[in-house]
Amino acid sequence: AKNVSAVVLDAKTGEVKWQIDRDEPTTWVTPLVIEAAGKTQVILNGTNRSRSYDINTGEVIWECGGQVTNPISTAIQYEGLVYCMTGHRGSAIVAIPLDATGDITDTDKIAWKTNQGAPYVPSPLLYGDKLYFTKGTNGVLSCLEAKTGEPLINQKRLEGVENIYASPVGADGKIYITGRDGTTVVIPNTGELDILATNTVGEPVDASPAIAGNQIFIRTATGTGGRRQEFLYCIGK
């Protein structure tokens, strides 16, 4: 599909506030809505451009090329930067200052960028000042300093996890990375690949784990169509 739209609705009434065409093929990205640089920005990644829209008017505040096809990962904010990533048929990670304006493609306004190790289906995890993500849908982990893009873990294989759709989650100084076979690997938030634990629920997992208090929730699914079975596991003390 071409010229997909972005639509802003009044949350109380459902009234369309504005709708604009986007020069993009179909994407799967969840919008990131943040207050930054004196405006409320709606940030959407895309194959052709990463863009920020003014929530009141739909006007493009800034845009930046350099992504690859079929973006899925949600953009993430850290201090005055936003990170847009794609990892399908290529790899692109771009750190964009939130006070940017206009088209900043290939300019020195970009804080940093890399073409290594970006995720396809999972979104990245920002934990403190570190960015964690896995390559494509593979169990290959990277950890970067969010401010500079300096790699702390550079595309290292996660033993016990082959394929990943779930996004990594973090709590209590630890990172939880769950593979499609139901295995979860736990590492510390230190910028070093030190596996603290490996556990499995023994069923396929595509959904991202959710953490609340001392509990972690993991949703599994087996089978297809009318034979599909879904279970929710709660693990805690």
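A brief structural summary. No experiment lies behind these values; they were computed from the predicted model shown.

## Looking at the pairing of strand E4 (residues 39–44)
Taking burial as the measure, the six residues of E4 include five buried ones, the bulk of the element. The pairing of strand E3 (residues 32–36) with E4 spans five bridges and is antiparallel. Paired with Ile34 across the bridge in E4 is Gln41. Connecting E3 to the antiparallel partner E4 that follows it, the hairpin turn spans two residues, and Ala37 within it adopts a positive phi of roughly 55 degrees. Both E4 and strand E5 (residues 50–54) contribute to a ladder of four bridges, which runs antiparallel. Its bridge partner being in E5, Ile43 is matched across the sheet by Ser52.

## Considerations on the packing of aromatic side chains
Within the structure shown, the criterion is met by two aromatic pairs. Taking the centre distance of 5.7 Å and the plane angle of 40 degrees together, the rings of Tyr83 and Trp112 count as tilted. Placement of Tyr83 in strand E8 (residues 81–86) and of Trp112 in strand E11 (residues 112–114) is noted, with a sequence separation of 29 residues between them. Using a relative accessible area of 0% as the deciding quantity, one classes Tyr83 as buried. Note on Trp112: relative accessible area 8%, which makes it buried. In this structure, Arg180 is placed above the aromatic ring of Tyr165, and the distance from its NZ or CZ to the ring centre is 3.7 Å.

## Quick look at the sheet that holds strand E13 (residues 130–134)
Taken in spatial order, the four strands make up an open sheet running E12-E13-E14-E15, and their pairing is antiparallel. With one partner strand each, in any of the chains shown, strand E12 (125–127) and strand E15 (151–157) form the two edges of the open sheet. Each neighbouring strand pair of the sheet contributes to a mean axis angle of 15 degrees, computed without reference to strand direction. Bridge analysis of E12 against E13 gives three bridges, and the strand direction is antiparallel. Note that in E13 the partner of Tyr127 across the bridge is Lys130.

## A short note on unusual backbone geometry
Even without glycine at this site, Asp106 takes up a positive phi of about 60 degrees. By secondary structure assignment, the location of Asp106 is in the loop between strand E10 (102–103) and E11. Look at Gln155: it is not a glycine, yet its phi comes out positive at around 50 degrees. Secondary-structure assignment places Gln155 in strand E15.

Reading the values: rules and limits
Within every chain, residues take consecutive numbers counted from 1 along the sequence as written. The predicted origin of the model limits local features to residues at a pLDDT of at least 70 and limits the giving and counting of side-chain atom pairs to 80 or more, whereas totals for whole chains, interfaces and linings rest on all residues. Hydrogens and water molecules were not included; the side-chain quantities draw on all heavy atoms of the structure. Type-normalised accessible area, obtained with a 1.4 Å probe on protein chains alone, sets the label of each residue: buried when under 20%, exposed when over 50%, and partly exposed for intermediate values. Strands here are runs of E lasting at least two residues and helices are runs of H or I lasting at least four, both read from the DSSP assignment and numbered beginning at the N terminus. We call two strands paired when DSSP finds no fewer than two bridges between them. Geometry of aromatic contacts follows a simple scheme: Phe, Tyr and Trp rings, the Trp one being its six-membered ring, pair when their centres are within 6.5 Å, and the pair is stacked under 30 degrees between planes, edge-to-face over 60, tilted otherwise. Remark: a charge is flagged as sitting over a ring if the NZ atom of Lys or the CZ atom of Arg is within 6 Å of the ring centre and within 35 degrees of the ring normal. In this description, a line fitted to the C-alpha atoms serves as the axis of each element, helices being fitted only across the stretch in contact, and the angle between N-to-C directions of two axes falls anywhere from 0 to 180 degrees.

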